[in-house]
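Descriptive analysis of the structure
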Amino acid sequence: MSTTMAQALNAALRDALDQDDSVVVFGEDVGALGGVFRITDGLARDLGEDRCFDTPLAESGIVGFALGMAMNGFRPVVEIQFDAFAYPAFEQLVSHVAKMRNRTRGAVGVPMVIRVPFAGGIGGVEHHSDSSEAYYVHTPGLKVATPATVADAYSLLREAIADPDPVVFLEPKKLYWSKADVDLPVTTAPFGTAEIRRHGTDATLIAYGPALPVALAAAEAAAEDGHDLEVVDLRTLVPFDDVTVTASVRKTGRCVVVQESAGFAGVGAEVAARVQERCFHSLHAPVLRVSGFDIPYPPPIVEKYHLPDVDRVLDTVARLQWDDEPDRRHLTRVSA
Amino acid sequence: MTAQAEHRTDDVALPGTGDTGGAAARLLPSATPIRFLDDSGAAAPESAHGAYQMPPTDVLVDAYRRMVLGRRFDAQATALTKQGRLAVYPSSHGQEACQIGGVLALRDTDWMFPTYRESMALVARGIDPVEALTLLRGTWHCGYDPVATRTAPQCTPLATQSPHAVGLAYAARRRGEDVVVLVFVGDGGTSEGDFHEALNFAGVFKAPVVFLVQNNRYAISVPLAKQTAAPSLAYRGVGYGIRSEQVDGNDPIAVLAVLRHAVETARNGEGPFLVEAHTYRIEAHTNADDASRYRDSAEVAAWESRDPLTRLETYLLATGAVSDEDIGAARQEAEAFAGRLRTRMNEDPDVDPRSLFADVFAEPTPQLREQREWLGEELAAGGDRNGGED
């Protein structure tokens, strides 16, 4: 049955609410409206206004309030309306949500989910398209999930809600309306497990969230150029699956990380570092990255120049020293 | 004739708004802080009591004993800091009425959300003093079990514990638990956004929370006048639909009377309550601070003349509720308490550095397990991170 990612997320929330009385969903406009992306559509109506409810418009308050509820028997799932609107809650996330278990030597766990529609590609005006994953993955104590498929959207969200620790759940906005034939409920691989979405032998593309479809399309196009690319979907950034990533790159000997967010000190930088630490003797070329530029997310009329696309991935794959040619782009930069 | 003179409410009222003045007036604090004692410890006139009830004598005597103990504890902690046994200690000397009053207004089943300045309140709550000082000793965790003690970890980032208190209280109400939550905030903390967001959530969700603002006049060095233009911090509540009161925070009887009422109100389902207690931080912000740079000793002396412990002692002696022997016994008990604390704090805590990885998550990630092993290998090789010889 054809299901959208938005429907899968809605079903995951609905099933979690239905099966566990301690689950509550709240945030801005999640009640009668069903959320600006309709991810909570019908939940308040069908499961009760005490299970899915609107709060005052204050993100720090929402996350801090959720932490208090989590301290007293609930499993809150909060919706932050857009990526950049999560920043007022940053202190709560970093100083409290992420640390409460540690500060209490395990006496107080924080089973909560912070859902964040993130990244661009939908023509959003400023503050509506940020890729904010690096902020969260850099914070010990937070798990970070980024589904890229409809089945994962359902399964990872259910797992996030059941997790004893806080999970920042980053939902790629531009994939909300992507479809797949999936019968729900569905259970996919657990947190901390990357999936090989396309098997290949010549190079490994590593992607997550909104960049995965780009990587897959690029791999199909590369096949026409004679390169058989493997595509790894990280699925959860924390915990990180070193085993799958390392095995793939050791096999192929080449690696490109594809991400939508700005490149500097981003997830791709961490992945590249981990790959060279573990796969150095298998590598035939430097690990390269395809990312957004290091600029504030651009407005709708020019965002296409910012977003990694198939051509940019293919250009990068072409620079993987197939003919022992060094990657002149980076050499030039160093000497300039 | 001016338009103002012609003002008639029924003509100009905005549809759907009604008269909000009456509702706001019911939330407002008293015009002056509630008092049961004057500066000397003599009974204040009843007109200063507001509508609040004098607490029972046994409660006052209990409060007195805990205040004596609390002050001795505070002095001991300050001394231990000077001896290098604590990394830092923020004293609550002079704030004993609030520290003890906040605790005694609660039942054991209620919850308390303290800041870093509430070590005295933790001890009054019955938490082992060594556990209460664990964080300030320089460890990464709060030292006590928050669930067992119904006391959240001492919070350092100002006012950020306020929304937690509201969420926990709301959760308790939804679960049908008879729980009130008291959250401590300072005057500086009332400037933080989280304080306001917490008040707003508490009002909207009718959470059984009491906000106790200890206005000790300074946020480190910044005086109240630079913190707010409000006539009283208690007015912070009105804008959020929260009943508010201000009290002489160095009058233990008044603090108890107002807080007992506030807690009862919250317990009865009448929603949150905000109490501003006017008090004074006698010591510097912490041992690392030099208060002489920003305030003069005459100001401190004026507040010392309104010392909460002296005032309560004077009152209880005058009314015959305690005798000189009782006072001597309370002081002896406090001295013995401090002696035991001193002995225990002079023992070095036994910390396994590998336990740093234990509670980052319920289950360590593969990366954390790996890093714990690396540290373990360093330790096994005799590594000394204090700069000594390996």
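Look at the link from Leu 184 of chain A to Pro 185 of chain A: it is a cis peptide, with omega at 0°. If you trace the backbone, Pro 185 of chain A turns up in the loop between β8 (179-181) and β9 (195-198). For the peptide bond that leads from Val 238 of chain A to Pro 239 of chain A, omega is 0°, which places it in the cis range. Looking at the element boundaries, Pro 239 of chain A is found in the loop between β12 (236-238) and α9 (242-252). With a phi close to 75°, His 127 of chain A is a non-glycine residue in the positive phi region. Within the fold, His 127 of chain A resides in the loop between β5 (113-118) and α6 (133-137). Take His 127 of chain A: there are 13 C-beta atoms within 10 Å of it, and that puts it in the partly exposed class. Positive phi values are uncommon outside glycine, yet Arg 217 of chain B reaches one of about 80°.

Below, the discussion takes up the sheet that holds strand β7 (residues 273-278) of chain B. Residues and elements named next belong to chain B. The five strands are arranged β1-β2-β3-β7-β6 in an open sheet whose pairing can be described as parallel. Among the strands making up the open sheet, the edge pair consists of β1 (111-113) and β6 (243-248). Each neighbouring strand pair of the sheet contributes to a mean axis angle of 20°, computed without reference to strand direction. Pairing of β1 with strand β2 (residues 181-186), which is carried by three bridges, proceeds in the parallel orientation. Bridge pairing in β2 links Met 112 to Leu 182. Packing of helix α9 (residues 162-174) onto the sheet brings it into contact with β1, β2 and β3 (209-215), and relative to β2 it is tilted by some 170°.

This brings us to the nonpolar core. Counting 202 residues, the largest nonpolar core has Leu 205 and Ala 215 of chain A together with Val 210 and Val 275 of chain B as the members making the most contacts within it. The element best represented in this core is helix α12 (residues 252-267) of chain B, accounting for ten residues. The residues touching Val 210 of chain B, leaving out its near neighbours within four places in the chain, are Val 180, Leu 182, Leu 259, Ala 262, Val 263, Ala 266, Pro 272, Phe 273 and Val 275 of chain B.

All right, on to the domain arrangement of chain A then. Residue and element names in this part refer to chain A. Domain annotation for chain A reports domain 1 (2-181) and domain 2 (195-322). In this structure, domain 1 and domain 2 have C-alpha centres spaced 26 Å apart. If you list the elements that add at least two residues to the side of domain 1 that touches domain 2, you get α6, β6 (143-145), α7 (150-162) and β7 (167-172). Of the residues that constitute the side of domain 1 that touches domain 2, the class distribution is 13 nonpolar, seven polar and six charged.

Reading guide: rules and limits
- Residues numbered from 1 in each chain as written.
- Chains lettered and ligands numbered in written order.
- Predicted model: local features only at pLDDT ≥ 70, side-chain atom pairs only at ≥ 80, totals over all residues.
- Helix = DSSP H or I, 4+ residues; strand = E, 2+ residues; numbered from the N terminus.
- Buried ≥ 20, exposed ≤ 12 C-beta atoms within 10 Å, placed from the backbone.
- Pairing = 2+ DSSP bridges.
- Axes fitted to C-alpha atoms, helices over the stretch in contact; angles between N-to-C directions.
- Contact = placed C-beta atoms within 7 Å.
- Core = buried A, V, L, I, M, F, W, Y, C linked by C-beta atoms within 7 Å.
- Domains from an automatic or database assignment.
- Nonpolar A, V, L, I, M, F, W, Y, C, P; charged D, E, K, R; others polar.

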